[in-house]
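Chain by chain, the residues run as shown.
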Amino acid sequence: PTKIMSDGHIDSSRTNGAIAPDGEVKTMMRFANGTVREGNWEANGSPLSSRGHEAFVVWDAPPECVLVVRSPFSNKAGPEEIRQVVSYCSKNLQMDVLVTKEERELLEDRDLGLNVYDKASMRKSVDVVVCLGGDGLLLYVCSELFLNKVPPVLSFNMGSLGFLTPFNFDECEQHLLRMKDTSHKHAVSLRQRLSCTVQRCSSSLSRKKSAREFRGGEICAGLDNRIATFNVLNEIVIDRGPAPYLGNLECFCDDVFVTRIQADGVIIATPTGSTAYSMSSGGSMVHPAVSCIGLTPICPHSLSFRPVLFPDYVVLTIRVPEDARCSAWASFDGRNRVELERGDLVTIRRSPFPVATFSRSSETNDWFESVRTCLGWNERVAQGGLPHLDFDQVASGDMGRSSFMGSSGEFGSSQCGEPTNKPF
């Protein structure tokens, strides 16, 4: 079953079978003034079981502190826009407003009483994050401003793509007012993250062992330096870097050898990241509610190497073998690039700290709206119907063969009765 730990995170042992049965609501994550829950929705007292299990935020008390962040690369998120949000949250909603140092310098009005956000001391005091920018701003918030647990995020589309930012800024005050409502269940997408740990190999690790000889916990033998752990929202990418040689990596699943990756690299993606770099490399799009970990090779040197989806409870290990011609490079949501020498490895597992992003209508509706509008998924001119046919007669079988044939038995006929030899 799902365990709620003392610091509010979700126990990593949660599997697909831990979802609450129909009618039951289960607490998934706790915050200072609210919780993220998963269960069946209710509207006017009537259960909507047909919508299945969805996640939503319930405020136990009105949120008191909001962090407002803008993208410095967005032309739409200027000083006037951030001042509008800050002023409304401070004066109308009576909330304590935090901004980054850059936003504080951008706003010249000193009467707003803004405090500069300090991630070392203020992480636990933030109830909600408001983002003014694009998808990259959400990745920045998750990787730079918060190390582990991230408060619910309300993102306004002020970037170039807007796949993860479903809200229109023209209605920002309406959405901000609704966000603070304690009597309302706020639909969110509980986005899975991956915890990635980089480990260095010590000199005691035998250089004569091949990948297939590792069994059980032996794969970690000789590893004495875990240099860093990153929580990624999109993906971890391990590639050959500047080397001219074919990349050479070994993949393990729960310490069981899976395959040798001979390619430019490999992408380990979350469902959220499945529509980013992974999709560009041939990976499948995955609904954000699906609990899985995707593995997609980058330009593999084998036509049979296809993308794979693993269950979210496994631990994947990507290792640079001892006989590799060159080192590899790992990046985490496009940041913190790390070189992996021979014998080094990265362990990847589901993070106990997902990210709750507010949904405009519902998780499914927002996701399909994004893949249609942002990616142009399956856009095509609709096929026309068949003209001059009575489909009721066709369905009943009353229309004989002569209705489709010319008088000579050929398909179609000219106005003069001569066959045209053209299909109808």
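Rules of the game
- Residues numbered from 1 in each chain as written.
- Predicted model: local features only at pLDDT ≥ 70, side-chain atom pairs only at ≥ 80, totals over all residues.
- Heavy atoms only, no water.
- Helix = DSSP H or I, 4+ residues; strand = E, 2+ residues; numbered from the N terminus.
- Buried < 20%, exposed > 50% of the residue type's maximum accessible area, 1.4 Å probe, protein only.
- Contact = heavy atoms within 4.5 Å.
- Areas by Shrake-Rupley, 256 points an atom, 1.4 Å probe, with all protein chains shown as cover.
- 1 Å grid on protein atoms, 1.4 Å probe; cavity = no way out; pocket = protein on both sides within 12 Å on 5 of 7 lines; lining within 4 Å.
- Points joined across faces, edges and corners; volume = space filled by probe spheres on them.
- Arc of directions from axis to C-beta.
- Axes fitted to C-alpha atoms, helices over the stretch in contact; angles between N-to-C directions.
- Left-handed = near helix turned anticlockwise from the far one by under 90°.
- Nonpolar A, V, L, I, M, F, W, Y, C, P; charged D, E, K, R; others polar.
- Salt bridge = Lys/Arg side-chain N within 4 Å of Asp/Glu carboxyl O.
- Pairing = 2+ DSSP bridges.
- Phe/Tyr/Trp six-rings, centres within 6.5 Å; stacked < 30°, edge-to-face > 60°.
- Patch = residues over 30% accessible without salt bridge, like charges linked within 9 Å, V, L, I, M, F, W, Y side chains within 5 Å.
- Lys, Arg positive; Asp, Glu negative; His and termini not counted.
- Charge placed at Lys NZ, Arg CZ, Asp CG, Glu CD.

Caption draft 1: Representation of the overall build of the protein. Scanning the protein for helices and strands turns up seven helices and 23 strands. The buried share of the protein, reckoned over its 424 residues, is 48%. Restricting to contacts in the protein with at least 6 residues of sequence separation, those with at least 24 account for 66%. Carbon and sulfur atoms make up 47% of the accessible area of the protein, which amounts to about 21300 Å² in all.

Caption draft 2: How the structure looks around empty space enclosed by the protein. Going through the model one piece at a time under the given rule, you end up with two cavities of 30 Å³ or more. Taken as a whole, the largest cavity encloses approximately 120 Å³ of empty space. Lining the largest cavity we find 13 residues, and of these Pro-166, Ser-189, Arg-191, Thr-357 and Asp-366 sit closest to its centre. Listed by contribution, the elements that provide at least two residues to the lining of the largest cavity are strand 11 (186–191), strand 23 (355–358) and helix 6 (363–373).

Caption draft 3: Expanded view of unusual backbone geometry. In this structure, Asp-333 takes a positive phi of about 55° despite not being glycine. Turning to its location among the elements, Asp-333 is positioned in the loop between strand 20 (328–332) and strand 21 (335–340).

Caption draft 4: Fine view of helix 6. Listed as buried for helix 6 are Glu-363, Asp-366, Trp-367, Ser-370 and Val-371. Burial along helix 6 is one-sided: seen end-on, the buried residues are contained in an arc of 125°.

Caption draft 5: Spotlight on the packing of helix 1 (residues 79–92) against helix 4 (residues 172–179). Interaxial distance between helix 1 and helix 4 falls to 11 Å at its minimum, and their mutual angle equals 35°. In the crossing of helix 1 with helix 4, the sense of the turn from one axis to the other is right-handed. Residues Gln-84, Val-85, Tyr-88 and Cys-89 of helix 1 form the contact with helix 4, whose participating residues are Cys-172, Glu-173, Leu-176 and Leu-177. Residues belonging to the contact of helix 1 with helix 4 are distributed by class as follows: six nonpolar, one polar and one charged.

Caption draft 6: Local environment of the pattern of salt bridges. Evaluation of the coordinates by the stated rule reveals eleven salt bridges. One salt bridge connects Glu-144 with Arg-335, and the closest N-O pair in it is separated by 4.0 Å. Note that Glu-144 is positioned in helix 3 (residues 135–145) and Arg-335 in strand 21, a separation of 191 residues in sequence. What makes Glu-144 partly exposed here is its relative accessible area of 24%. Classification of Arg-335 by relative accessible area gives partly exposed; the value is 28%. Among the salt bridges present, the one from Asp-323 reaches Arg-260, with a minimum N-O distance of 3.7 Å. Of the two residues, Asp-323 is situated in the loop between strand 19 (316–319) and strand 20 and Arg-260 in strand 16 (residues 256–269); the sequence distance between them amounts to 63 residues. Look at Arg-260 and you get partly exposed, because its relative accessible area is 29%.

Caption draft 7: Just the side chain of Thr-347, in detail. By secondary structure assignment, the location of Thr-347 is in strand 22 (residues 345–350). Excluding anything up to four places from it in sequence, Thr-347 contacts Ser-195, Cys-196, Thr-197, Gln-199, Val-315, Leu-316 and Thr-317.

Caption draft 8: Fine view of the pairing of strand 16. As judged from the five bridges shared by strand 14 (residues 235–239) and strand 16, these two strands associate in the antiparallel manner. Bridged to Glu-235 within strand 16 is Ala-269. Where strand 15 (residues 247–253) meets strand 16, seven bridges bridge the pair, whose relative direction is antiparallel. In the strand pairing of strand 16, Phe-252 is matched with Phe-257. Hairpin connection of strand 15 to strand 16: two residues between the antiparallel strands, including Asp-254 at a positive phi of 50°. In terms of strand pairing, strand 16 meets strand 17 (residues 292–300) through six bridges, oriented antiparallel. When the sheet's bridge partners are listed, Ala-269 is paired in strand 17 with Gly-294.

Caption draft 9: Examining the packing of aromatic side chains more closely. The tally for this structure, following the rule as stated, stands at seven aromatic pairs. Geometrically, the ring pair formed by Phe-156 and Phe-169 is edge-to-face, given 6.0 Å between the ring centres and 85° between the ring planes. You can see Phe-156 sitting in strand 10 (residues 153–157) and its partner Phe-169 sitting in the loop between strand 10 and helix 4, a full 13 residues away along the chain. For Phe-169, a relative accessible area of 11% puts it in the buried group. Where Phe-252 meets Phe-257, the ring centres are 5.7 Å apart and the plane angle is 70°; that geometry is what we call edge-to-face. Residue classification places Phe-252 among the buried residues on the basis of a relative accessible area of 0%. Taken together through their ring pairs, the aromatic side chains of Phe-156, Phe-167 and Phe-169 make up a single cluster.

Caption draft 10: Just a positive patch on the surface, in detail. Taken together, Lys-119, Arg-123, Lys-124 and Lys-149 make up a surface patch of like positive charges. Within the secondary structure, Lys-124 sits in the loop between strand 8 (115–116) and strand 9 (128–133). With a relative accessible area of 77%, Lys-124 lands in the exposed category.

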